[in-house]
Each structure stands twice: as C-alpha cells, then as structure tokens.
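Chains, contacts and geometry: an overview
One letter stands for each residue in the lines below.
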Amino acid sequence: DAGVTQSPTHLIKTRGQQVTLRCSPKSGHDTVSWYQQALGQGPQFIFQYYEEEERQRGNFPDRFSGHQFPNYSSELNVNALLLGDSALYLCASSLSTGVLSNQPQHFGDGTRLSIL
Amino acid sequence: AQTVTQSQPEMSVQEAETVTLSCTYDTSESDYYLFWYKQPPSRQMILVIRQEAYKQQNATENRFSVNFQKAAKSFSLKISDSQLGDAAMYFCAYTGDDKIIFGKGTRLHILP
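Residues numbered from 1 in each chain as written. Chains lettered and ligands numbered in written order. Predicted model: local features only at pLDDT ≥ 70, side-chain atom pairs only at ≥ 80, totals over all residues. Heavy atoms only, no water.

Some remarks on the pairing of strand S7 (residues 64-68) of chain A
All names here are of chain A. Here S7 runs beside strand S8 (residues 74-78); their pairing, made up of five bridges, is antiparallel. Each bridged residue has a counterpart across the sheet, and for glycine 66 the counterpart in S8 is leucine 76. Remark: five residues form the turn of the hairpin made by S7 and S8, two consecutive strands paired antiparallel; tyrosine 72 in that turn has positive phi of roughly 80°. (Pairing = 2+ DSSP bridges. Helix = DSSP H or I, 4+ residues; strand = E, 2+ residues; numbered from the N terminus.)

Remarks on the packing of aromatic side chains
Counted under the stated rule, the structure contains 14 aromatic pairs over all chains. A connected cluster of aromatic rings, assembled from ring pairs, spans Tyr35, Phe45 and Phe107 of chain A together with Phe35, Tyr37 and Phe102 of chain B. (Phe/Tyr/Trp six-rings, centres within 6.5 Å; stacked < 30°, edge-to-face > 60°.)

Some details on the pattern of salt bridges
Residues and elements named next belong to chain A. Taken as a whole and assessed by the stated rule, the structure comprises seven salt bridges over all chains. Among the salt bridges present, the one from glutamate 51 reaches arginine 55, with a minimum N-O distance of 3.1 Å. Its relative accessible area of 51% is what places glutamate 51 among the exposed residues. Put simply, arginine 63 and aspartate 85 hold a salt bridge, and the shortest N to O gap is 2.9 Å. On the criterion of sequence distance, the pair formed by arginine 63 in the loop between strand S6 (53-57) and S7 and aspartate 85 in the loop between S8 and strand S9 (87-94) is long-range, its members being 22 residues apart. The class of aspartate 85 is buried, set by a relative accessible area of 4%. (Salt bridge = Lys/Arg side-chain N within 4 Å of Asp/Glu carboxyl O. Buried < 20%, exposed > 50% of the residue type's maximum accessible area, 1.4 Å probe, protein only.)

Focus: the side chain of serine 74 of chain B
Residue and element names in this part refer to chain B. The residue serine 74 is located in strand S9 (residues 74-79) in this model. Under the relative-accessibility criterion, serine 74 is labelled buried at 18%. Each residue touching serine 74, except ones within four places of it in the same chain, is listed here: Cys23, Thr24, Tyr25, Asn67, Phe68 and Gln69. (Contact = heavy atoms within 4.5 Å.)

Let's talk about the state of the cysteines
Residue and element names in this part refer to chain A. Tallying each qualifying case throughout the model produces two disulfides over all chains. Between the sulfur atoms of cysteine 23 and its disulfide partner cysteine 91 the distance amounts to 1.8 Å. Across the disulfide from cysteine 23 to cysteine 91, rotation about the S-S bond amounts to roughly -60°, and the bridge is consequently left-handed. In this pair, cysteine 23 is assigned in strand S3 (residues 19-24) and cysteine 91 in strand S9, connecting sequence segments 68 residues apart. (Disulfide = S-S within 2.5 Å.)

Observations regarding the sheet that holds S8 of chain A
Residue and element names in this part refer to chain A. Across the sheet, which stays open at both edges, the four strands sit in the order S1-S3-S8-S7 with antiparallel pairing between neighbours. Each having just a single partner strand, strand S1 (5-7) and S7 make up the two edges of the open sheet. Averaged over neighbouring strand pairs, the angle between their axes works out to 20° when direction is ignored. When S1 meets S3, the two strands line up antiparallel, connected through three bridges. Within S3, the residue paired with glutamine 6 across the bridge is cysteine 23. (Axes fitted to C-alpha atoms, helices over the stretch in contact; angles between N-to-C directions.)

Right, here's the structure in full:
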C-alpha cells in the first residue's frame, strides 16, 4: 500500500523563478494538504484541496497556488521565489471526513527547496 | 487567534525511562482536536496519538499516553519505557475552527 509520495526530493532555484512540487496521496485518500516547514520550525499550513478545489488556506500570499487532479494527486506552485521560500515542503493526505478534522494526516517525505 | 506552544526545545531521557513533553494551546473554540506527531531524522512525519476535546478520557496508544487538561489548555505527551527509536522531533498540533496549527517542536534524545 503506497503511502504519500512527493517529487522531487530536492530542488534548487534562484530568486524570481517559479517552481512546481508534486504529491500523490496515500491510496484511498482524497484530501491533500500542503505545509511549509522552515528549518527548526513546525509545519505551517498552506492550503488544502478536496474535490479539486481549494477548501482552506493558511496565511500565505497568492504566489502560492495549487491544483488537485481527478486522481487526487496535487501540485503546489510558487511564483516569484524569494529567499524566504527556502524550506521543506510537506504534503499530507487524509480522508474527506471534514476539511480540518480529527482524521490523522499521512505525510510524505517532503521536497527540500533551496533558493539561491 | 489560536496558538500552540511547546516550551521545551530539547529534552533527553535515559533508555527505558519515562519522559513527558509539554504542550499548551490557546483557543476560544469548544470543539477541536489535538495531535502529537513524530518526525524522525528521515523526515516523514507520523501520527503518535490524537485526542478529541469533547472526550474526557485521556488517549493511550501502547507506550504513549496524553494528559489532557481542557480547562488549563494543556496537552502533554508521556512516553513510557523510552526506546532508541523514539528519538525524533515531536510536534503538538491543534485543529479547530477550520485551522490547523503546529507547535515548534521538541527534539527528544534517547540516552543509551
């Protein structure tokens, strides 16, 4: 049973560029959430997708956008990259029993994004 | 605004001993959920234990248990019989009012 998979594992970009990160949820899950985890910090919620729509959003600018496909996989896009966007980006999947509920989230290994 | 505070950036415990990690939170909601997640050095975050706020009984999962004090807004994690594999970052998380908030984490070292 495949868990949450993310690609790529590492990515290096320069300021001003755009990046796309990808996530496949755990089998049977239909809800995908994205988090930004800066070094030494806890994850910060970016947004959550369910039924191909953004359902909830954290305190992140519009440069951060996403998409969910009919097979429940998801992409996170970040435009006009800043040095402060350097972080580990985590994807988590869960069941659609509530947008933000008591259902545990299953996390991927993350994508380490470095901005030069 | 909801907040989650983990006041212990690092802790150490002797193998086979018991350790308690603290977490406090602030919310005006009456219905919410609390979680402890573990993030080993391999990075993948995994759920340790969860607690529904409306349940008075403290959650227990094998060697892991919580002390949930709703009035005090405290949610500590107790690890009994600590093992080397318990070494990791531990994050306390709150979900409620359509928000999810993680604490900054506590790094737990297990001393052989």
